[in-house]
Amino acid sequence: MASGKNKIIIMILTFISAIVVMVGGYSLASWMYELAFTVSSHRTVGMIFISFFFLVIATPILLLTLFTPLRINLTIVALAMLYLFYEWFSVHPLRVCLMGGCFIISYLFVIIIKKYFLCLDDDGSTSHPI
């Protein structure tokens, strides 16, 4: 495995990068949607669920993904997606799909980094897959 200090640095950078991918992807896709279509619904009032989901649900799950095995964090991600779609899909279906997609992309980003960079030995060979 990567050495202790380097592993912690890679984990911190992976976590911050995953947050940037998630929020940046959502912002970019939302901006492109607003360029293509005229948005007639409210933009700020009632949209607190976006911040709530990203800050309170998705961010801790991405952090837990770095420390838990794939079986456990996949279950947690599935529960988060079920909660997202159950709670808010009937109100804002397109936003919820976009939020879920950005969350899944950032989750896959963390899994790929965890698999290919955190399981490297000092000589560059993999010690064990996730």
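Anything mentioned here points back to the structure above.
The text that follows walks through the structure, step by step, so that each part is easy to find. (Residues numbered from 1 in each chain as written. Predicted model: local features only at pLDDT ≥ 70, side-chain atom pairs only at ≥ 80, totals over all residues. Heavy atoms only, no water.)

**Thoughts on the side chain of S106**
Relative to the helices and strands, S106 resides in helix α4 (residues 93-116). Here S106 falls in the buried class, since its relative accessible area comes to 0%. In contact with S106, not counting residues within four places along its chain, are A18, V21, M22 and L62. (Helix = DSSP H or I, 4+ residues; strand = E, 2+ residues; numbered from the N terminus. Buried < 20%, exposed > 50% of the residue type's maximum accessible area, 1.4 Å probe, protein only. Contact = heavy atoms within 4.5 Å.)

**Topic: the packing of helix α2 (residues 48-67) against α4**
For any two helices packed against each other, the geometry comes down to the angle between their axes and how far apart the axes lie. Two elements in contact, α2 and α4, have axes separated by 10 Å at closest approach and are oriented at 20 degrees. Judged by the inter-axis angle, α2 sits roughly parallel to α4. Regarding α2 and α4, the two cross each other, and that crossing is right-handed. Of the residues in α4, those touching α2 at F49, I50, F53, F54, A58, I61, L62, T65, L66 and F67 are R95, V96, M99, F103, S106, Y107, V110, I111 and K114. Residues that form the contact of α2 with α4 fall into these classes: 15 nonpolar, 2 polar and 2 charged. (Axes fitted to C-alpha atoms, helices over the stretch in contact; angles between N-to-C directions. Parallel < 35°, antiparallel > 145°, perpendicular 65-115°, else oblique. Left-handed = near helix turned anticlockwise from the far one by under 90°. Nonpolar A, V, L, I, M, F, W, Y, C, P; charged D, E, K, R; others polar.)

**Focus on the environment of I104**
Checked against the element boundaries, I104 lands in helix α4. Owing to a relative accessible area of 30%, I104 belongs among the partly exposed residues under this scheme. Once the C-alpha coordinates of I104 and M22 are considered, the two residues, 82 residues apart in sequence, prove to be 8.4 Å apart. With near-sequence residues (within four places) excluded, I104 lies in contact with V77 and M81.

**With respect to a nonpolar patch on the surface**
On the surface, I8, I12, I16 and V20 cluster together into a nonpolar patch covering about 370 Å² of accessible area. By the element assignment, I16 lies in helix α1 (residues 4-36). Take I16: its relative accessible area is 45%, and that puts it in the partly exposed class. (Patch = residues over 30% accessible without salt bridge, like charges linked within 9 Å, V, L, I, M, F, W, Y side chains within 5 Å. Areas by Shrake-Rupley, 256 points an atom, 1.4 Å probe, with all protein chains shown as cover. Salt bridge = Lys/Arg side-chain N within 4 Å of Asp/Glu carboxyl O.)

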